[in-house]
Amino acid sequence: MTITLAVANQKGGVAKTTSVASIGAALAELGERVLLVDLDPQACLTFSLGIDPEDLEVSVHHVLTKGLSPTEVILQTDEGVDLLPSTIELARAEADLLTRTGREHAVKTALELADDLDYDWVLLDCPPSLGVLTVAALTAADGVLIPLQCETLSHRGVGQLLDTVHDVRRFTNRGLEVWGVLPTLYDGRTIHARTVLETISDTYDLEVIEPPIPKTIKFAEAPARGRSILATSRSSKGAAAYREVAASLLKRAGLKREGG
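None of these values were measured; they are calculated from a predicted model.

A. Molecular detail of the overall build of the protein. In terms of regular secondary structure, the protein is built from eleven helices and seven strands. Computed over the C-alpha atoms, the radius of gyration of the protein is 17 Å, within 12% of the 18 Å expected from 2.2 N^0.38 for a compact globule of 260 residues. Across the 260 residues that make up the protein, the buried fraction comes to 54%. Partitioning the contacts of the protein with sequence separation of at least 6, the portion at a separation of at least 24 is 79%. In the form shown here, the protein has an accessible surface area of approximately 11,600 Å², with 49% of it arising from carbon and sulfur atoms.

Here it is, written out as structure tokens:
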């Protein structure tokens, strides 16, 4: 049974793409078969895994709007995960999909074409907006993980995202679950960051995925080398934190699979 997890927050700069790449790599280390899907026209996930979007002739755009099979687009990466890459063309897909009937199901339909590849996990890197691509990702997902920077201003968009999740549950995906908030860019030395972390679960009545991901320059260095932090700085605190998060998600997935 494939678990599809959307990683979403319409606020940029919350380490969303870093989280997708790092959790994906950590799950692959644990022997899981993982597909990452870049749904952001900025193609940061694609670039950070060592692939230049400008060199690609086909991408997720062609899968969503032209009916191309994902198997013709999926690339293997050095992280041990597969990638459905993005390019700037995806910005046009958003406009194309707006006029289509059933646009909310575009990602779900595309992933169903890749069913025979038998992935254990599909991680969807959503764009920093609540537009049609994010709604389509939530419609395709079993769960949503919300990366949240440990500062007060980051909270402001979470309520809107949860409203969107509520709408998706009502209209297109009744089974969508919020798996929790993943605190990122955490600086435990500051009282402010610790206070924000303590108030997250109370404010939104959401599970907080532990441990918080620490703020470290190692994360900025990794994409420049086309790898995740698990490859570029294996023993760093950041890599260790993402390994713990992946193990926690794997445990939850095991319970979900047992429960059917």
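B. Layout of the packing of helix α6 (residues 132-140) against helix α7 (residues 158-171). It is the contact of α6 with α7, at a shortest axis distance of 10 Å, that shows an interaxial angle of 55°. Judged by the inter-axis angle, α6 sits oblique to α7. The chirality of how α6 crosses α7 is right-handed. Residues V135, L138 and T139 of α6 touch α7, and the partners they reach there are T164, V165 and V168.

C. Representation of the pairing of strand β2 (residues 34-38) in the model. Counted residue by residue, β2 has five buried out of five residues, so it is predominantly covered. Of the two faces of β2, the one lined by V34, L36 and D38 and the one lined by L35 and V37 are each fully buried. Bridge count between β2 and strand β5 (residues 121-125): five bridges; the pairing is parallel. Residue pairing in the sheet places D38 in a bridge with D125 of β5.

What counts as what
- Residues numbered from 1 in each chain as written.
- Predicted model: local features only at pLDDT ≥ 70, side-chain atom pairs only at ≥ 80, totals over all residues.
- Heavy atoms only, no water.
- Helix = DSSP H or I, 4+ residues; strand = E, 2+ residues; numbered from the N terminus.
- Rg over C-alpha atoms; globule rule 2.2 N^0.38 Å.
- Buried < 20%, exposed > 50% of the residue type's maximum accessible area, 1.4 Å probe, protein only.
- Contact = heavy atoms within 4.5 Å.
- Areas by Shrake-Rupley, 256 points an atom, 1.4 Å probe, with all protein chains shown as cover.
- Axes fitted to C-alpha atoms, helices over the stretch in contact; angles between N-to-C directions.
- Parallel < 35°, antiparallel > 145°, perpendicular 65-115°, else oblique.
- Left-handed = near helix turned anticlockwise from the far one by under 90°.
- Pairing = 2+ DSSP bridges.

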